[in-house]
Amino acid sequence: MNDNVNYAESCVKRKKDAELKRKKFLLLLAYILIPIALVIITFSVPIFRPFILLPLALSPLALSVIVPLTWCYTEVEYESILSTGILTVSSVFNRRRRKEIVTLKVGDATVLAPIDSSEAAGADKDAVNKYNAVSSPEATGVYLVVWNNDKGEKCALYFEPSDKMLKVMKFFNRATIVTTVNK
């Protein structure tokens, strides 16, 4: 059988919301204030005065390592890959680092519906684990998946699937997939 029939992917970039802007501001503030604080401590403590050039020389070196390691967390994309009935949702930081959020079998889902449908209303109410892979709170086309994990805990995932992904999901779990909004 052709593998492309059972494969679909979707990638959405996280929009610049207030939380992301706050994180960027705090990182920039830390990049500026930490070297300044290091220099002030060096000048204020008499025992460090002979080593005045050391903090000044190490500050740019430390920032050249710290900035690339931390700034990548301000550019986030959510990638959803559906392959042979298994949905894997990952966070991609700065198009380089990937962190898996959750993996689930589509056949185990009890609810898979748009968040503004009657099927999704209250379905995640008592979920122990809630995962969010949505570009923004105001995004359209957001779906809710509810399933029980291996431990028997109820889990919920909010994500933005593509049309092809919905068709493939419907193939693996026809009973729980709602592709149109009931109004």
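Up top is the structure.
Residues numbered from 1 in each chain as written. Predicted model: local features only at pLDDT ≥ 70, side-chain atom pairs only at ≥ 80, totals over all residues. Heavy atoms only, no water.

Q: Even after reading the chapter, I still don't get the pairing of strand E4 (residues 97–105), so can you show me in this structure?
A: Strand direction decides the pairing type here: strand E3 (residues 86–93) and E4, joined by 8 bridges, are antiparallel. Counterpart to Ser90 in the pairing with E4 is Glu100. What sits between the antiparallel neighbours E3 and E4 is a turn of 3 residues, in which Asn94 has the positive phi angle 55°. (Pairing = 2+ DSSP bridges. Helix = DSSP H or I, 4+ residues; strand = E, 2+ residues; numbered from the N terminus.)

Q: Where do I start with the packing of aromatic side chains in this structure?
A: The geometry of an aromatic ring pair comes down to the distance between the two centres and the angle between the two planes. As enumerated under the stated definition, the model contains 2 aromatic pairs in all. Consider the rings of Tyr31 and Trp71, whose centres lie 6.4 Å apart with planes at 50°: the pair is tilted. Here Trp71 lies in helix H2 (residues 53–71) and Tyr31 lies in helix H1 (residues 18–44), a separation of 40 residues in the sequence. Assessed through its relative accessible area of 28%, Trp71 is described here as partly exposed. For the ring pair Tyr131 and Trp147, a centre distance of 6.2 Å and an interplane angle of 20° mean the geometry is stacked. Placement of the pair is Tyr131 in strand E6 (residues 129–133) and Trp147 in strand E7 (residues 143–148), with a sequence separation of 16 residues. For Tyr131, a relative accessible area of 22% corresponds to the partly exposed category. Take Trp147: its relative accessible area is 5%, and that puts it in the buried class. (Phe/Tyr/Trp six-rings, centres within 6.5 Å; stacked < 30°, edge-to-face > 60°. Buried < 20%, exposed > 50% of the residue type's maximum accessible area, 1.4 Å probe, protein only.)

Q: I keep staring at the sheet that holds strand E1 (residues 7–13) and nothing clicks. Help me out?
A: The strands that make up a sheet pair up through hydrogen bonds in the backbone, lying either parallel or antiparallel. Pairing in this open sheet of 4 strands is antiparallel, and the strands run E1-E2-E3-E4 from one edge to the other. At either margin of the open sheet sits one strand with a lone partner, and together these are E1 and E4. Taken over all neighbouring pairs, the strand axes of this sheet differ in orientation by 15° on average, direction set aside. Here 7 bridges tie E1 to strand E2 (residues 76–83), and the two strands are oriented antiparallel to one another. (Axes fitted to C-alpha atoms, helices over the stretch in contact; angles between N-to-C directions.)

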